[in-house]
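Here's the letter readout for the chains.
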Amino acid sequence: MLGIVQGRLTFAGKKLQAFPKDPFKEFGIASKIGYDFIEFFSERNINKKNPIWSNKGVKKYIKVANLNKIKIYSFCDDYVINHSLTSLKTKNIILKTIEQLQKLNIKKYILPLYGKSLINSKNKYKFYKNLSIIAKTCEKNKIELLVESNMTPKKFGILKKNISSKNCFFLFDSGNRITFKRNFVEDIRSFGNNIRHVHLKDKNFYGKNVIIGKGKVNFELFFSTLKKIKYKGSFAIESQRGINVESQAKKNYLFFKNLIKKYKL
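Everything numeric here is computed off the predicted structure, so don't read it as measured data.

Participant: Let's hear about the pairing of strand β4 (residues 108–112): which residues, and what values?
Facilitator: With 5 of its 5 residues buried, β4 lies for the most part within the structure. The alternating pattern of β4 places K108, I110 and P112 and Y109 and L111 on opposite faces, both of which are buried. Examined bridge by bridge, strand β3 (residues 71–77) and β4 share 3 bridges and lie parallel to one another. Note on β4: the bridge partner recorded for S74 is K108. Note that β4 and strand β5 (residues 144–148) share 5 bridges and pair parallel. Among the inter-strand pairings, P112 is bridged to a residue of β5, identified as E148. Between the parallel pair β4 and β5, the chain is carried across by helix α5 (residues 124–140), and the sense of this crossover is right-handed.

Participant: Before we move on, can you summarise the sheet that holds strand β6 (residues 168–173) with the specific residues and values?
Facilitator: A barrel is described by the order of its strands in space; here 8 strands give the closed sequence β1-β2-β3-β4-β5-β6-β7-β10, paired in parallel fashion. Within this sheet the neighbouring strands show an average axis-to-axis angle of 30°, counted without direction.

Participant: Explain the state of the cysteines to me, using residue names and the numbers behind them.
Facilitator: Inspection of every chain in the model, using the stated rule, returns 0 disulfides. For C76, which is in no disulfide, the shortest distance to another cysteine sulfur is to C138 and amounts to 13 Å. You can see C168 has no disulfide; the closest cysteine sulfur is in C138, sitting 9.3 Å from it.

Participant: Go over the nonpolar core with me, naming the residues and quoting the values.
Facilitator: Across soluble globular proteins, nonpolar side chains have a tendency to be buried as a group. Counting 82 residues, the largest nonpolar core has Y109, L111, I134, L200, F223 and F235 as the members making the most contacts within it. Tallying contributions element by element places α5 first for this core, with 6 residues. If we skip the residues at most four places from it in the chain, L200 touches L2, S174, F219, F222, F223, F235, A236, I237, E238, S239 and F256.

Participant: Describe the pattern of salt bridges, with residues and values.
Facilitator: A complete count under the given rule lists 7 salt bridges for this structure. Its salt-bridge partner being R196, residue E144 comes within 2.8 Å of it at the nearest N-O pair. Here E144 is found in strand β5, whereas its partner R196 is found in strand β7 (residues 195–200), with 52 residues between them in sequence. When its relative accessible area of 14% is taken as the criterion, E144 is described as buried.

Calculation criteria
- Residues numbered from 1 in each chain as written.
- Predicted model: local features only at pLDDT ≥ 70, side-chain atom pairs only at ≥ 80, totals over all residues.
- Heavy atoms only, no water.
- Buried < 20%, exposed > 50% of the residue type's maximum accessible area, 1.4 Å probe, protein only.
- Helix = DSSP H or I, 4+ residues; strand = E, 2+ residues; numbered from the N terminus.
- Pairing = 2+ DSSP bridges.
- Right-handed = clockwise from strand over helix to strand, strands pointing away.
- Axes fitted to C-alpha atoms, helices over the stretch in contact; angles between N-to-C directions.
- Disulfide = S-S within 2.5 Å.
- Core = buried A, V, L, I, M, F, W, Y, C linked by side-chain atoms within 4.5 Å.
- Contact = heavy atoms within 4.5 Å.
- Salt bridge = Lys/Arg side-chain N within 4 Å of Asp/Glu carboxyl O.

Structure follows, in structure tokens:
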């Protein structure tokens with residue numbers, strides 16, 4: 001399945017990750033282009049206008065998605081970027097978020113471990129403890145937990161072992177691996193079937209998210225490598241919007257749809 005991150009079908013000025021003023025409008029645009037799903041997200045600080053926080057908003061999401069034949073599939077929780085995953089308060093907010101996601105029948109819950117939620121030698125034990133609780137709560141609600149990080153495959157293996165959960169997998173980001181000078185070919189092979197979802201973006205030499213095809217990511221090599229590990233997961237486009245948002249979203253859709261077809265992913 002090929003989806004697009006929420007807000008990337010709405011003009012947002014110079015902001016990249018911006019919650020749309022009218023999130024429901026994006027369903028019609030996504031449907032017209034051909035996308036399978038819209039990946040929901042929470043902001044780095046709680047936005048009470050986000051429909052996921054109310055039962056009324058959740059019901060409207062479901063209704064509008066059904067009307068436009070768009071799947072409700074994945075959710076990326078940016079809240080943890082500004083709030084440490086080791087915190088009891090953060091953990092409790094995440095557990096409440098999962099309760100709401102269960103009502104939406106979300107299949108994949110993504111935790112981007114950046115900023116305040118970077119794991120290190122000093123916080124790792126508190127980190128493992130809270131992540132273990134989150135993984136088990138997701139499993140109870142039939143939601144797959146995905147870690148988004150620039151960690152090595154070896155470190156992810158250590159993390160997965162320490163949280164003692166079979167419900168923890170990896171989200172692979174095409175652009176971020178380039179920024180942190182990782183060899184994505186070797187990493188994809190090492191992560192193997194732990195990769196359950198992919199974020200598609202392009203980045204330039206300075207690490208800036210740019211229009212697809214204007215950066216350093218070799219998408220032919222990227223997709224051919226996914227083919228070698230027999231990847232059968234989903235993709236969500238997380239790229240720059242361009243001058244004409246809808247036109248660029250359509251170009252991105254066709255570009256990646258052709259690659260998915262070419263490599264039979």
